[in-house]
Amino acid sequence: MDNRKHIISKILSRFRGWIQAAAALLTNPHLPNFFKGGIYQGKEKAVCVPGLNCYSCPAAAGACPIGSFQAVVGSSKFSFSYYITGFLILVGVLLGRFICGFLCPFGWLQDLLHKIPGKKLSTERLKPLTYLKYAVLFFTVIALPALVVNDVGMGDPFFCKYLCPQGVLEGAIPLSAVNPGIRSALGQLFTGKLMILIGVFVLSVLFYRPFCKWICPLGAFYALMNKVSLLGIKVDEHRCISCGACRRVCQMDVDVTSSPNHTECIRCGKCINACPTDAVSFCYGFASDSNRNGEKK
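In short, a report on the structure. As the structure is a prediction and not an experimental result, all values here were calculated from the model.

### Some details on the overall build of the protein
Inference 1: Per the secondary structure count, the protein includes 17 helices and two strands.
Inference 2: A globule of 297 residues ought to have a C-alpha radius of gyration of about 19 Å, and the protein, at 20 Å, matches this closely.
Inference 3: Counting across all 297 residues of the protein, residues that qualify as buried make up 47%.
Inference 4: If you take every contact in the protein between residues at least 6 apart in sequence, the share linking residues at least 24 apart comes to 76%.
Inference 5: Accessible surface, the protein: about 14,700 Å² in total, of which carbon and sulfur atoms supply 67%.
Inference 6: Between the averaged position of the 31 positive side-chain charges in the protein and that of its 15 negative side-chain charges there is a distance of 5 Å.

### Some remarks on the packing of helix H7 (residues 105-114) against helix H10 (residues 165-178)
When two helices pack together, their arrangement is given by the angle between the helix axes and the distance between those axes.
Inference 1: Direction vectors running N to C along H7 and H10 enclose 95 degrees, while the axes themselves pass 11 Å from each other. As judged from the angle between their axes, H7 and H10 are roughly perpendicular. Residue-level contacts link Pro105, Phe106 and Leu109 of H7 to Pro165, Gln166 and Leu169 of H10.
Inference 2: Across the contact of H7 with H10, the residue classes break down as five nonpolar, one polar and no charged.

### Focus on helix H14 (residues 217-225)
Inference 1: Most of H14 is tucked away: eight of the nine residues are buried.
Inference 2: Of all the residues in H14, the buried ones are Pro217, Leu218, Gly219, Ala220, Phe221, Tyr222, Ala223 and Met225.
Inference 3: For H14, the secondary structure elements touched by its buried residues are helix H4 (65-73), helix H5 (82-95), helix H6 (98-103), helix H8 (132-147) and helix H9 (158-163).

### What about the pairing of strand S2 (residues 280-284)?
Inference 1: Most of S2 is tucked away: four of the five residues are buried.
Inference 2: Direction of pairing for strand S1 (residues 231-235) relative to S2: antiparallel, over a ladder of five bridges. From the neighbouring strand, leucine 231 faces S2, where its bridge partner is tyrosine 284.

### Here we look at a nonpolar patch on the surface
Inference 1: Judged by side-chain polarity, Ile7, Ile11, Phe15 and Trp18 come together as a nonpolar surface patch covering roughly 490 Å² of accessible area.
Inference 2: Among the structural elements, phenylalanine 15 can be located in the loop between helix H1 (2-14) and helix H2 (16-27).
Inference 3: On the basis of relative accessible area, phenylalanine 15 is assigned to the partly exposed category, the value being 46%.

### Quick notes on the environment of aspartate 151
Inference 1: Residue position: aspartate 151 is located in the loop between H8 and H9.
Inference 2: A residue is classified by how much of its surface remains accessible, and aspartate 151, at 84% relative accessible area, is exposed.
Inference 3: In this structure the C-alpha to C-alpha distance between aspartate 151 and cysteine 240, which are 89 residues apart in sequence, comes to 61 Å.

### Here we look at H1
Inference 1: For H1, with 13 residues, the first-to-last C-alpha span of 18 Å sits near the 18 Å given by 1.5 Å per residue.
Inference 2: Every buried residue belonging to H1 is among His6, Ser9, Lys10 and Ser13, and all of these are buried. Viewed end-on, H1 has its buried residues packed into an arc of 95 degrees, placing them on one side of the element.

Parameters and conventions
Residues numbered from 1 in each chain as written. Predicted model: local features only at pLDDT ≥ 70, side-chain atom pairs only at ≥ 80, totals over all residues. Heavy atoms only, no water. Helix = DSSP H or I, 4+ residues; strand = E, 2+ residues; numbered from the N terminus. Rg over C-alpha atoms; globule rule 2.2 N^0.38 Å. Buried < 20%, exposed > 50% of the residue type's maximum accessible area, 1.4 Å probe, protein only. Contact = heavy atoms within 4.5 Å. Areas by Shrake-Rupley, 256 points an atom, 1.4 Å probe, with all protein chains shown as cover. Lys, Arg positive; Asp, Glu negative; His and termini not counted. Charge placed at Lys NZ, Arg CZ, Asp CG, Glu CD. Axes fitted to C-alpha atoms, helices over the stretch in contact; angles between N-to-C directions. Parallel < 35°, antiparallel > 145°, perpendicular 65-115°, else oblique. Nonpolar A, V, L, I, M, F, W, Y, C, P; charged D, E, K, R; others polar. Pairing = 2+ DSSP bridges. Patch = residues over 30% accessible without salt bridge, like charges linked within 9 Å, V, L, I, M, F, W, Y side chains within 5 Å. Salt bridge = Lys/Arg side-chain N within 4 Å of Asp/Glu carboxyl O. Expected span 1.5 Å × (residues − 1). Arc of directions from axis to C-beta.

The following block contains the structure:
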């Protein structure tokens, strides 16, 4: 069983790029809409996808969970969104930040940008910035849309409207490219968010996944679920030789041997491939941190 688990773990980690590409395509299958300048409006559009994927993307098959949550919070008839919150909790418990590492289109884009040849900078000394995404989650996704409202009691979707670069990339740019009406309506808000997108692009070439580490509110929520998610990382202490190979390859600045289910771990599997003794693997099911570390009960 252990050998089978290691084989599956290695397959997942080695083919992560292909899995990310497939997830992005499954999330955005309606590609002809890019040429029509319209948004897919099928019934399944009311269902959330797990990753950060803009509702306004012409090819999007579902809704972004952050955008959906903000639509409810900012409504004049606001009531707690049990469906969206339940969806996020369910997916978080089942997979944790595996979604960030394997299923999020914007995470995949950052991975591709970081592969562009050039100087790469470490984020090891910038760890305090990882707490910023929790502030973004609380203030721009929850608090401000609920508290800052207009005369009819409706609040702006602050994150989606003012910060999210995915909306510009997937929605505003492709729609305005083929729709003159939308293009003529673009103003300062678009320009400001375009600057954010360009900034994320540049930082992604220099740093590994800066948006995921420092800004993404969806990543912040899934990070909170990492400790309790069924999908985790297991380190077998009987096989581990403390060589440090897993720590050196981790671009999320996690020491998997001391904290295999750290909030910043996106389950990318690089530590699994790097381990010379197959001591690191994915694990699934209810288990304590000590058991996931390979300790005996």
